[in-house]
Amino acid sequence: KYQPSQATAFTRSDGGMIQQIIDKAHARGIKVYFQLSAVQVPGQFEEDMPRLPNGEYPRLRMIHTVSLASDDVRAYICARVKDLMTSYPKIDGLRHDWPEHPPYRFGDAFLDFSENACRIAPRLGFDFESMRLAADALYRRLHHLTNDDLSALSDARSLPYFLAKILARNPELAELLRFKAALTTLYVKELREALDSVSHGKDLSPNAFPPPLSLLSGMNFSDVSEHADSINMKIYTMHWPQMVRFYAEELLEHNEEPLDEELLVTAISNLFDFEDGDTGTSLYDYRYPPPDVAHRAGLQAQLRKIRQAHSEVGDRAKLYPTVHGYGPSEDFEARLRLAWDTGTDGIWINRYCYLGEEKIRAIGRLAGPTGASDSQPSTG
């Protein structure tokens, strides 16, 4: 159903450059991975787009990803794996971005209830209609919030009881989280099979959202680690305040009655465990940080997420926290040091273009005066 785009004149004139980069990197002792989107395909068909429980497409999305439940989508990406590994057999592994439902915005948290999901749910052992009805009820309820509802989320220590109570009263919502996780696990399993069918000894290393966002995205670290060699958990802290703003703006605009802005942003930040202590008071506090502003993200919150994921992965696969190069040097180094010191097998550093000499020297300081670290810079 999906077909690759046709080669261009640039492909014909300079297509060999990729192999040159691979060879030059290997000559310097550097491993080479390809990063691929797992949920973006050429010429997206409408029937393969994910849907809300009411059948609609989300009002707002940051990335128009397709449905993981689509057999055609997964088949195309698996075919691309085989093609790439046949064309570039010397690369060391593949990193797939978003083999999950990236929950950047409010509507993303309620995906996917497309016809594709309806067909695959019973194959995976799930009752689609009961999950859809429960998710639709929650989606509608969140458009009728009160400030009293938000007050219950203002104390982060009260969250475990609050969320456990919701899941105990609505076990279908817990099933929905399990269904999302089953889809991601199935997808990674298929990617593993595609990779092994044409090449052996290559790393399969999917990217992942951190806990608790991973529950909404479907990234079950424990199950995925049965098929992946490693998992790259994205600590992209510049996104965290922006996500609070995204969710808050949509809830403010579409809620039946006015909501207190401070209560709302506090509730969302607490729900996603983005900060260590004091939260902001308004939407203005939760904006995408400019390059010279430290990211509004708690260091202990980052540490908790890494430890939570690491405990799930165990010794079945490697966990690589992925630190983003964006932001002021001091903030970058603090995030870098924290990720390095957690005791995982290594770290990835995303976006070489944001580093520069000062940040590269900070990377070299990770392992002491020798600078002999196992960090892996990534061009993104």
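Check the entry above for the structure.
Since this is a predicted model, take the numbers as computed values, not measurements.

(A) The overall build of the protein chain, seen in detail. Across its full length, the protein chain holds 15 helices and 8 strands. Radius of gyration (C-alpha) of the protein chain: 21 Å, near the 21 Å computed for a compact globule of 380 residues. Dimensions of the protein chain along its principal axes, counting C-alpha atoms only, are 60 × 50 × 40 Å. Within the protein chain, the proportion of its 380 residues that are buried is 50%. Restricting the contact set of the protein chain to residue pairs at least 6 apart, pairs at least 24 apart contribute 77%.

(B) Looking closely at the pairing of strand β2 (residues 93-97). The buried fraction of β2 is high, at 5 of 5 residues. Here β2 shows two buried faces, one formed by Gly93, Arg95 and Asp97 and the other by Leu94 and His96. In terms of strand pairing, strand β1 (residues 33-37) meets β2 through 5 bridges, oriented parallel. Note on β2: the bridge partner recorded for Leu36 is His96. Regarding topology, helix α3 (residues 71-87) serves as the crossover connection from β1 to the parallel β2, and that connection is right-handed.

(C) Spatial organisation of the environment of Ser329. With respect to the element layout, Ser329 can be found in helix α14 (residues 329-340). For the pair formed by Ser329 and Glu358, sequence separation is 29 residues and the distance between their alpha carbons is 7.1 Å. Apart from residues lying up to four places away in sequence, Ser329 is in contact with Glu358 and Lys359. Within polar-contact distance, the side chain of Ser329 engages the side chain of Glu358 at 3.4 Å.

(D) Region of the structure containing the pattern of salt bridges. Here the structure, examined in full by the defined rule, presents 28 salt bridges. Glu46 is the partner of Arg51 in a salt bridge, and the nearest nitrogen-oxygen pair spans 2.6 Å. With a relative accessible area of 18%, Arg51 lands in the buried category. On the basis of relative accessible area, Glu46 is assigned to the exposed category, the value being 52%. A salt bridge links Asp149 to Arg141, with the nearest nitrogen and oxygen atoms 3.0 Å apart. The partly exposed category is assigned to Asp149, whose relative accessible area is 22%. On the basis of relative accessibility, which here comes to 39%, the residue Arg141 falls in the partly exposed class. One salt-bridge network, held together by shared partners, links Lys1, Glu47, Asp48 and Asp72.

(E) Inspection of the nonpolar core at higher detail. By size, the foremost hydrophobic cluster in this structure holds 98 residues, and its most contacted members are Phe179 and Phe221. Element by element, the count of residues in this core is highest for helix α8 (residues 171-198), at 9 residues. Residues within four places of Phe221 in sequence aside, it is in contact with Ala208, Phe209, Pro211, Ser214, Ile231, Met233, Ala309, Glu312, Val313 and Leu319.

(F) Representation of the sheet that holds strand β3 (residues 203-204). Taken together, 3 strands build an open sheet; the order of strands is β1-β2-β3 and the sheet is parallel. The strands lining the two open edges of the sheet, one partner per strand, are β1 and β3. As paired strands, β2 and β3 are joined by 2 bridges and run parallel to one another. Its bridge partner being in β3, Gly93 is matched across the sheet by Asp203.

(G) The arrangement of the packing of aromatic side chains in detail. What the rule picks out here adds up to 17 aromatic pairs. Measuring from centroid to centroid gives 6.3 Å for Trp98 and Tyr104, while their planes differ by 85°, and the two rings are edge-to-face. A single burial state applies to Trp98 and to Tyr104, both of which are buried. Here the aromatic rings of Tyr247 and Phe272 are separated by 5.2 Å at their centres, their planes lie at 80°, and the arrangement is edge-to-face. With a gap of 25 residues between them, Tyr247 in helix α11 (residues 239-254) and Phe272 in helix α12 (residues 261-272) connect regions that are remote in the sequence. Pairwise contacts between aromatic rings join Phe106, Phe110, Tyr139, Trp240, Tyr247, Phe272 and Phe274 into one cluster. The aromatic ring of Tyr286 is capped on one face by Arg296, whose charged end is 4.9 Å from the ring centroid.

(H) Highlighting the side chain of Thr184. Among the structural elements, Thr184 can be located in helix α8. Given a relative accessible area of 0%, Thr184 falls into the buried group. Of note is the side chain of Thr184, whose polar atom sits 2.9 Å from the backbone oxygen of Pro99. Excluding residues that lie within four positions of it along the chain, Thr184 makes contacts with Leu68, Pro99, Glu100, Ser217, Gly218, Met219 and Val224.

(I) Inspection of the packing of helix α4 (residues 115-123) against α8 at higher detail. In contact at an axis separation of 11 Å, α4 and α8 are set at 90° when each is read in the N-to-C sense. Relative to α8, the element α4 is oriented roughly perpendicular. Facing Ala117, Ile120 and Ala121 of α4, the residues of α8 in contact are Phe179, Leu183 and Leu186. Here the contact of α4 with α8 is built from residues that sort into 6 nonpolar, no polar and no charged.

Parameters at a glance
- Residues numbered from 1 in each chain as written.
- Predicted model: local features only at pLDDT ≥ 70, side-chain atom pairs only at ≥ 80, totals over all residues.
- Heavy atoms only, no water.
- Helix = DSSP H or I, 4+ residues; strand = E, 2+ residues; numbered from the N terminus.
- Rg over C-alpha atoms; globule rule 2.2 N^0.38 Å.
- Buried < 20%, exposed > 50% of the residue type's maximum accessible area, 1.4 Å probe, protein only.
- Contact = heavy atoms within 4.5 Å.
- Pairing = 2+ DSSP bridges.
- Right-handed = clockwise from strand over helix to strand, strands pointing away.
- Polar contact = N/O pair within 3.5 Å; in protein donor to acceptor, adjacent residues only side chain to side chain.
- Salt bridge = Lys/Arg side-chain N within 4 Å of Asp/Glu carboxyl O.
- Core = buried A, V, L, I, M, F, W, Y, C linked by side-chain atoms within 4.5 Å.
- Phe/Tyr/Trp six-rings, centres within 6.5 Å; stacked < 30°, edge-to-face > 60°.
- Lys NZ or Arg CZ within 6 Å of the ring centre and 35° of its normal.
- Axes fitted to C-alpha atoms, helices over the stretch in contact; angles between N-to-C directions.
- Parallel < 35°, antiparallel > 145°, perpendicular 65-115°, else oblique.
- Nonpolar A, V, L, I, M, F, W, Y, C, P; charged D, E, K, R; others polar.

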